[in-house]
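Residues per chain, in single letters:
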Amino acid sequence: MYQDIENRLKKRLKQLLPWTKQQIITCYRIYDNDIPEHPFILDWYESVAILWFFPDKYNKTIVTSTEYETKITSIICNLLHISSSQLFIKYRSKQKGLAQQYKKLTHTNKTITVHENNLNFEINCSDYLDTGLFLDHRNTRRYVQQIARNKRVLNLFSYTGSFTCYALAGGASATTTVDLNPRYIDWTKRNLALNNIKVRSTDNIICDNVLSFIKHEAAHRKYDIIICDPPTFSNSKKMKHSFNINSDYPELLNACLKCLAKNGELIFSTNSRSFKLDISQFPSSIAANELTKKTIPLDFKNKQSHRCWVLSKK
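Residues numbered from 1 in each chain as written. Predicted model: local features only at pLDDT ≥ 70, side-chain atom pairs only at ≥ 80, totals over all residues. Heavy atoms only, no water.

Description of the packing of aromatic side chains
Stage number 1. In total, this model carries 20 aromatic pairs according to the counting rule given.
Stage number 2. Measuring from ring centre to ring centre gives 6.2 Å for F40 and F53, while their planes differ by 70 degrees; the resulting arrangement is edge-to-face. One end of the pair, F40, is in strand β2 (residues 40-45); the other, F53, is in strand β3 (residues 48-53), with 13 residues separating them in the sequence.
Stage number 3. Aromatic pair Y128 and W187: ring centres 5.9 Å apart, planes at 40 degrees, arrangement tilted. Of this pair, Y128 sits in the loop between β6 (119-124) and α4 (138-147) while W187 sits in helix α6 (residues 182-194), and the two are 59 residues apart along the sequence.
Stage number 4. On the accessibility criterion, Y128 (6% relative accessible area) is buried.
Stage number 5. What makes W187 buried here is its relative accessible area of 2%.
Stage number 6. Put simply, the rings of Y2, Y31, F40, F53, Y58, Y68 and Y91 touch in pairs and so form one group of aromatic residues.
Stage number 7. Between K71 and the ring centre of Y2, over which it is positioned, the NZ or CZ distance is 5.9 Å. (Phe/Tyr/Trp six-rings, centres within 6.5 Å; stacked < 30°, edge-to-face > 60°. Helix = DSSP H or I, 4+ residues; strand = E, 2+ residues; numbered from the N terminus. Buried < 20%, exposed > 50% of the residue type's maximum accessible area, 1.4 Å probe, protein only. Lys NZ or Arg CZ within 6 Å of the ring centre and 35° of its normal.)

Things to note about the sheet that holds strand β8 (residues 174-179)
Stage number 1. Strand order across the open sheet formed by seven strands is β9-β8-β7-β10-β13-β15-β14, with mixed pairing between neighbours. Both edges of this open sheet fall to β9 (203-207) and β14 (286-290), since each of them pairs with a single strand only. When the angles between neighbouring strand axes are averaged without regard to direction, this sheet yields 15 degrees.
Stage number 2. Of the pairings in the sheet, the one linking β14 to strand β15 (residues 307-313) comprises five bridges and is antiparallel in character. (Pairing = 2+ DSSP bridges. Axes fitted to C-alpha atoms, helices over the stretch in contact; angles between N-to-C directions.)

In short, geometric facts, not functional conclusions.
In structure tokens:
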């Protein structure tokens, strides 16, 4: 039962390691539920591994959960040449929205600083389901950096502010960063400090409901670049209504487009596997260009973890 997963992990490492060294990538995905009998995700963050188990998918008739998890963790530690203290284990199950996904799991506060494209980011290995840096958007972040010079950038659903760090590193003239969760606003400020980026008078970091913010913002200023990477679903108590990207995206994106300057770019992404973008939901002056093939990095190619478009005014 375990030889197949050990072989699969060995194969993945053989494929990925030359690429990561060539591209100077130190944080990457090793395994993502590739074999149905082995439901887990494994990521590497420079000196530690993060392992997410999916207990709902276990075949409990074959082996107990404890036995399975013990064996898998042993295999991983041996293959990666790490101690158990360098492996952080988390559990993913069916979630009921963003509030559950981002709630604190522990208060261990095991954090490390990792590096990506000459930028630094704080990773929390222990306390949340996610770490603070979505690895599948590595290319998207670099794209923002490449186009940001002298641009006004709006980062919505900003999480820990990685896109803002890239935009400022790329020479953005002004940035506005918006997230509903005050923890992530503070985390954004720490990430900026890690990169020796001083918040100027032209840079705003705002704790607010994104939909409320952009409906108000359109009357005050326009942006050259808008980054919109919303959750698939959210039922936060701070919102009047629940949010579902599959049905609510027209309202969200049309509000974003009202904030977009002439010749600007709205970079929109989603990890909803059932999402379908209907261009007829937008004014005829709007063009949509899908960038997914460029934004999905090699370590995520097999799963296509997100889809990404640029919306612009013709």
